[in-house]
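# Architecture and fold: a report
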Amino acid sequence: MSERARKIAAWVVTLGLVATVVWGFLAGEPTESDRVFALGARIKCPVCQGESIQESPSETAMAMLDVVAEKVEAGQTDEQILEYFTDRYGDGIRLDPRFEFRTMLLWLLPAAALIGGGLMIWSRRRRPGEEPS
Amino acid sequence: MVFDESGASETRTRGDRRDDGRRSTLGKYAVATAAVVAALLLFGIMGSRFGKDLKEVRSPLIGQPAPAIELELLEASGRWSLDQHRGSVVVVNFWASWCLGCRLEHDDLLAASAAYQDRGVVFIGVVFQDEPGEAIAFLDELGRGYPNVVDPGSRTAVDYGVWAIPETYFIDRDGVVRSKISGESDYSLLMSHLDAVLALDGP
Amino acid sequence: MSALFGTLGTWAALAFALVLTVKGFLGLSNPARSSARSLAIPAVGLLVSAGVAMAALEIGLLTDDFSVHYIANNSASTTPFLYKAASAWAALEGSLVLWGLVLAAFTFFIWRAMRRLEGPDPLWAGALGVMGVVSAFFFFMMVSVSNPFEVCTQAGSFGFGCEAASAWPFSTISAPLHGLGPNPLLQNHPLMAVHPPLLYVGYVGMTAPFSFAMASLLLGESGDRWLRVTRNWTRIAWIFLTAGVVLGGLWSYEVLGWGGYWAWDPVENASFMPWLVATMFVHTAALQMRRGVLQAWSYALVIATFSLTILGTFLTRSGVINSVHSFTQSAIGPVLLWFLMAVLVGSFGVYAARINRVGSAPRLDSLASREGMFMINNLLLGVLAIVVLVGTLYPLFVEWRTGDQVGVGRPFFDRMALPLSFALLFAMAIGPITPFRKASPRVVWERFRTPMRVSLSLAALAAILWRPNGWILLSVLASTFVAGTVVRQLWTAARKGSAARGGNIAGEALATMRRDTAFWGGQIAHVGIAVLALGIALSANGAVRGTVDVDEGVPVAFAGFELTLVDNFERDEPNRILRGAVVEIRRGGDLVTTLQPRLNEYRIRGQQIASPAVDTGLRGDLYLSLASDPGVFPVELDLYWFPFIWLVWTGGFMAAAGGLWAWLVRPPRRKEAAIPEGAARV
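Everything numeric in this text was worked out from a predicted model, so none of it was measured. (Residues numbered from 1 in each chain as written. Chains lettered and ligands numbered in written order. Predicted model: local features only at pLDDT ≥ 70, side-chain atom pairs only at ≥ 80, totals over all residues. Heavy atoms only, no water.)

## So, the overall build of chain C
Just so we agree on the cut-off: For helices the rule is a DSSP run of H or I covering at least 4 residues; for strands it is a run of E covering at least 2, with both sets numbered from the N terminus onward. C-alpha atoms define the radius of gyration in this analysis, and the globule rule sets the expected value at 2.2 Å times the number of residues to the power 0.38. Here the term buried applies to any residue with accessible area under 20% of the maximum for its type, exposed to any over 50%, and partly exposed to those in between, with areas from a 1.4 Å probe on protein chains only. Contacts are assigned to residue pairs that have any heavy atoms within 4.5 Å of one another.
Counting its regular elements, chain C contains 19 helices and twelve strands. Taken against the 2.2 N^0.38 rule, which gives 26 Å for 682 residues, the C-alpha radius of gyration of chain C at 27 Å falls within 12% of a compact globule. With the C-alpha coordinates aligned to their principal axes, the bounding extent of chain C is approximately 75 × 70 × 60 Å. Looking at the 682 residues of chain C, the share that counts as buried comes to 62%. Restricting to contacts in chain C with at least 6 residues of sequence separation, those with at least 24 account for 70%.

Here is the structure:
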């Protein structure tokens, strides 16, 4: 086999592998198809500290998870169910804050750090015409 | 600050040096400024929290129609329903025998319930995650003054958004939640909440 | 007696720390006064008096000296020996004594290293002065707002615990008959004896590079001497911080009974943020020592790391945050907050005033270079640190400004950390194979393609054979890629060496790794992080959870196992009552093991703690936790299956081991060491 043919073969194999992995990534089973489980992970257990009602074995968490299950059964949307809890416990019951004006900085600050840091790194490069250090 | 002393820029032209010095100075001061801003923010955030009760949560139910209560009585057969008390001011107290704060506030609740009976105020105790036997023993020990109901599965507690008992809700004559006490209450606290609710649409 | 000796020890330590501060700063400003000899008394005196304080506390705990308020409220005569000893750091005041001792020990070791210098050195004297300032602050807290040696002046009701105390050791003592014992959560697992001290060594150790950085800034000394001098202390601190964070996760997993090891809890975050920034610092320090770039940034990072350790201390100890691990609210909060302000404003003030004298800013020849990759590393770790910082503090900020309470928890952190972590893994694979100065794409591709093809093949194989979740697949790809580039590099270097000298490959590989321990220690740590990442992905995405009601003798099926409750028991121990269930675990009819999840009731505090039982196997952990009284049937059990979760701990400790390699392994002495340093690097 010529050098060239071998190179082409290597590329074809590599691309085949990439395609397989991409297929595997897209076709793999989703993280959690269970909506009750997924919603439970987004609601804080009021009597615990830092745990979600999905994680906590406490009685209150179980009761709340039952409410979630009932509402999922009744065909309510995720947002409706979260709304039900925030209307009673306040926004503090969410582990997953909603995107709104007062929580905006939560997403904007890391994004700003990423962009600002990126620009700072970019500015460190030597300009054309400068002597190398 | 225009001419920086760092050795690294020595090989560069004068123009470059000036440019470099200003730029890096800006960058370095930005770090220091960010630190000072962070310090002030931290100071404000944290300073405001000393001595505060961190467990207190403002209830979003205030100003909203009260969630329904329709529960079995603890010590009698039959049900107790909030709807039947429309027209009265209702005080809903969530409690349990295992809760120390509930033990401490019980006398004051009884006293307030007795004092405001004539003014159309109804008290109801909701037993929260407790064995009925233990709850009855608690009442045997500390006294009774108003009905109590059991809340299997904590459904009513979830409807009211109870974070940690004891919690006490005040519902006006139209069935709207007007205020809430998180944690242990006492007589004067109950009085001020009740007077405020009664004054809203007093006769 | 412990109160008297402890009080004497803390006051003496405060005095020595102040003397050290004064003498250190005099030495900083006047080279003639900066000899190790002139600092001997305060440096040694600080360690001795901190040691006396710690010994007094430990002896008091072990001999049940309930005349001391702290001991009466945090230990009991029925507490087992190990937990009596660990009670020294089970609550706020005592933990400061350990903190002070570790700080004094670092100060002493710096002084001992200084003695080996040829002459006086203002940099070292100044660094010891800064250590003196920090020590003085901590011992000041111990004699004022957070005194662990107050004597008990009023015993609690029924002779349990202590209600009132006085700092004056000769006050009229009214010692209770019984101590209250430690918080049940803190006497339920032996890791409690290990995890906090490790974390403290990590936290406190970062004070050493910080001190040298401050001294170097104050002197206006340019160059990287401060980094070279503190190289090993930084490594030690990083190793302990890493091990401490990993052990903290293991402790949560083994004790808290919900099967998790990381909840993005504020106190966990408080230990993770310094780790992230310290890791950034370790990288920039390595780069600066080799290439002389990013000088100003190294200063900023070490100051940030130190500030974050103080912030962490504040968040944990001030009671401003509700958290699983936080100590109760106390007067210490405002004092720590003022100190944090002083640290931030003071050290960044010095930084701003002096940075133009010491920091140089040569531009990079090319961003496509190892230097550029180091910066990408800093960018990604830095953004992750900001995510954690903002996520932790933002709810407090909103509450301060609006009075509203918003919750920020796992879903937010997971969503933000996931892409950053994958980016970090890929940067970790590519960075170390990228040449310095300017990387030609051809060279990078040459080193990159084989590991990439291997990890692609493995991921493709996994995709076809198991059809796993997409995140698992991506982790397999990224982790094997990281490991693959490291192995390829080692293999290439070893083969080259073996061809030149005729040694065997394994021996040459080891020799390669010993020649440049800093680099190869880093590579070991990288593989550790890759293993950790794989463990997180596999255990999180493959976990099976369930709750079952079991009756005696009736088998239930769970995650491929059959579980049978065969017995229950109740056992009295001096400090607690154990109630447990005996559960036989079978797979395909064969007995795998017998697990005994328990409810431990601690007598004095009357609290019940579910103590989970875990069976660790190669394929994963079976985790059982009791949710109801094991004596009443049916018994409610929480069941978890976590595949390959041991990879998390293994990877974490491997990362720490990488640090140990860099710290402890010495290059081989050999005649043919004509190979210039760093030549082993490809």
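Structure's up, so let's keep going.
## A look at the sheet that holds strand S5 (residues 148–150) of chain B
Residues and elements named next belong to chain B. How we decide: By the convention used here, strands pair only if DSSP detects at least 2 bridges between them. Working convention: axes come from line fits to C-alpha atoms, limited for helices to the stretch in contact. Angles between N-to-C directions cover 0 to 180 degrees.
In spatial order, the strands read S5-S4-S3-S6-S7; together these five strands make up an open sheet with mixed pairing. At either margin of the open sheet sits one strand with a lone partner, and together these are S5 and strand S7 (177–182). Averaged over all neighbouring strand pairs, the angle between strand axes comes to 20°, with direction disregarded. As paired strands, strand S4 (residues 121–127) and S5 are joined by three bridges and run parallel to one another. By the bridge assignment for S5, Val127 is matched with Val150. In the packing of helix H2 (residues 100–116) onto the sheet, contacts are made with strand S3 (89–95), S4 and strand S6 (167–171), and the angle to S4 comes to roughly 155°.

## Some words on the sheet that holds strand S3 (residues 544–550) of chain C
All names here are of chain C. A sheet is described by the order of its strands in space; here four strands give the open sequence S3-S12-S11-S10, paired in antiparallel fashion. Since the sheet does not close on itself, it has two edges, and those belong to S3 and strand S10 (613–617), each with one partner. Neighbour-to-neighbour, the strand axes of the sheet open up by a mean angle of 15°, direction not taken into account.

## Some points on helix H11 (residues 295–317) of chain C
Residues and elements named next belong to chain C. Put simply, the test is: The span one expects for a helix is its residue count, reduced by one, times 1.5 Å.
Across its 23 residues, H11 extends 34 Å between first and last C-alpha, which sits within 8% of the 33 Å expected from 1.5 Å per residue. Within H11, 21 of the 23 residues are buried, leaving the element largely enclosed by the surrounding structure. Of the residues flanking the end of H11, it is Gly319, one or two places downstream, whose phi is positive at about 75°.

## What about the interface of chain C and chain A?
This is how it is decided: Buried area counts how much accessible surface, traced with a 1.4 Å probe, disappears from two parts once they are put together, with both parts' losses summed. Criterion for a salt bridge: a side-chain nitrogen of Lys or Arg within 4 Å of a carboxyl oxygen of Asp or Glu. Identification of polar contacts relies on pairs of N or O atoms within 3.5 Å, with a donor-acceptor requirement for protein atoms, meaning one able to donate a hydrogen and the other able to accept it, and with residues adjacent in sequence counted only if both atoms are side-chain atoms. Polar here means any residue outside two lists: the nonpolar Ala, Val, Leu, Ile, Met, Phe, Trp, Tyr, Cys and Pro, and the charged Asp, Glu, Lys and Arg; Gly therefore counts as polar.
In this complex, chain C contributes 57 residues to the contact, which on the side of chain A involves 53 residues. Taken together, the two surfaces of chain C and chain A that pack against each other cover about 4700 Å², and 65% of this comes from carbon and sulfur. Our enumeration of links across chain C and chain A arrives at two salt bridges. Between Asp96(A) and Arg415(C) there is a salt bridge whose closest N-O contact spans 2.7 Å. At the junction of chain C with chain A, the criterion picks out six residue pairs in polar contact (both at pLDDT 80 or more). For the side of chain C that touches chain A, the secondary structure elements donating two or more residues are helix H13 (370–402), helix H14 (410–430), helix H15 (441–466), helix H16 (470–501) and strand S12 (635–643) of chain C. At eleven residues, H13(C) tops the list of elements feeding residues into the side of chain C that touches chain A. When the residues that make up the side of chain C that touches chain A are grouped by side-chain class, the tally is 35 nonpolar, ten polar and twelve charged.

## Regarding unusual backbone geometry
Pro166(B) follows Ile165(B) through a cis peptide bond whose omega is 0°. Looking at the secondary structure, you find Pro166(B) in the loop between helix H4 (155–160) and S6. Of note, the bond from Phe633(C) into Pro634(C) is cis; its omega dihedral lies within 30 degrees of zero at -5°. Within the element layout of this structure, Pro634(C) appears in the loop between strand S11 (620–626) and S12. The phi torsion at Asp64(C) lies on the positive side, around 55°, for a residue other than glycine. On the secondary structure map, Asp64(C) appears in the loop between helix H2 (40–62) and helix H3 (69–74). On the accessibility criterion, Asp64(C) (23% relative accessible area) is partly exposed. Positive phi is not limited to glycine here, since Phe644(C) has a value of about 55°. On the secondary structure map, Phe644(C) appears in the loop between S12 and helix H19 (646–664).

## Notes on the pairing of S7(B)
Residue and element names in this part refer to chain B. Relative to S7, S6 runs antiparallel, the two being bridged by five bridges. Considered in S7, the bridge of Tyr169 is made with Lys180. A loop of five residues connects S6 with S7, the two strands running antiparallel in sequence, and Gly175 in this loop sits at a positive phi of about 80°.

## Thoughts on the packing of H16(C) against helix H17 (residues 505–515) of chain C
Residues and elements named next belong to chain C. Stated formally: For classification, angles of less than 35 degrees are called roughly parallel, those exceeding 145 degrees roughly antiparallel, those between 65 and 115 degrees roughly perpendicular, and all remaining angles oblique. In a left-handed crossing the near helix is turned counterclockwise from the far helix by less than a right angle, and in a right-handed crossing that turn is clockwise.
It is the contact of H16 with H17, at a shortest axis distance of 8 Å, that shows an interaxial angle of 110°. Taken together, the axes of H16 and H17 lie roughly perpendicular to each other. Regarding H16 and H17, the two cross each other, and that crossing is right-handed. Counted together, Leu490, Trp491, Ala493, Ala494, Arg495, Gly497, Ser498 and Arg501 of H16 and Ile505, Glu508, Ala509, Thr512, Met513 and Arg515 of H17 form the full contact between these two elements. The residue inventory of the contact of H16 with H17, partitioned by class, reads seven nonpolar, three polar and four charged.

## Some details on the nonpolar core
Going by this rule: We define a nonpolar core as any set of buried Ala, Val, Leu, Ile, Met, Phe, Trp, Tyr and Cys residues linked to one another through side-chain atoms lying within 4.5 Å.
The biggest cluster of nonpolar side chains holds 188 residues, and the ones touching the most others in it are Met46(B), Phe138(C), Leu217(C), Trp233(C), Leu315(C) and Tyr351(C). For this core, the leading source of residues is H13(C), giving 16 residues. Not counting chain neighbours up to four residues away, the residues in contact with Phe138(C) comprise Leu96(C), Trp99(C), Leu103(C) and Ile310(C). Within the second largest apolar cluster, 31 residues are counted, among which are Leu61(B), Ala66(B), Ile124(B) and Val127(B).

## Side note on a nonpolar patch on the surface
Residue and element names in this part refer to chain C. In plain terms, the rule: Residues qualify for a patch when their relative accessible area is over 30% and they have no salt bridge, like charges being joined within 9 Å and the nonpolar side chains of Val, Leu, Ile, Met, Phe, Trp and Tyr within 5 Å. Areas reported as accessible are Shrake-Rupley estimates using a 1.4 Å probe. Residue values count occlusion only from the protein chains shown.
Judged by side-chain polarity, Met1, Phe5, Leu8, Val44, Val48 and Val52 come together as a nonpolar surface patch covering roughly 550 Å² of accessible area. Secondary-structure elements contributing two or more residues to the nonpolar patch are helix H1 (2–29) and H2. The element best represented in the nonpolar patch is H2, accounting for three residues. In this fold, Val44 is placed in helix H2. A residue is classified by how much of its surface remains accessible, and Val44, at 30% relative accessible area, is partly exposed.

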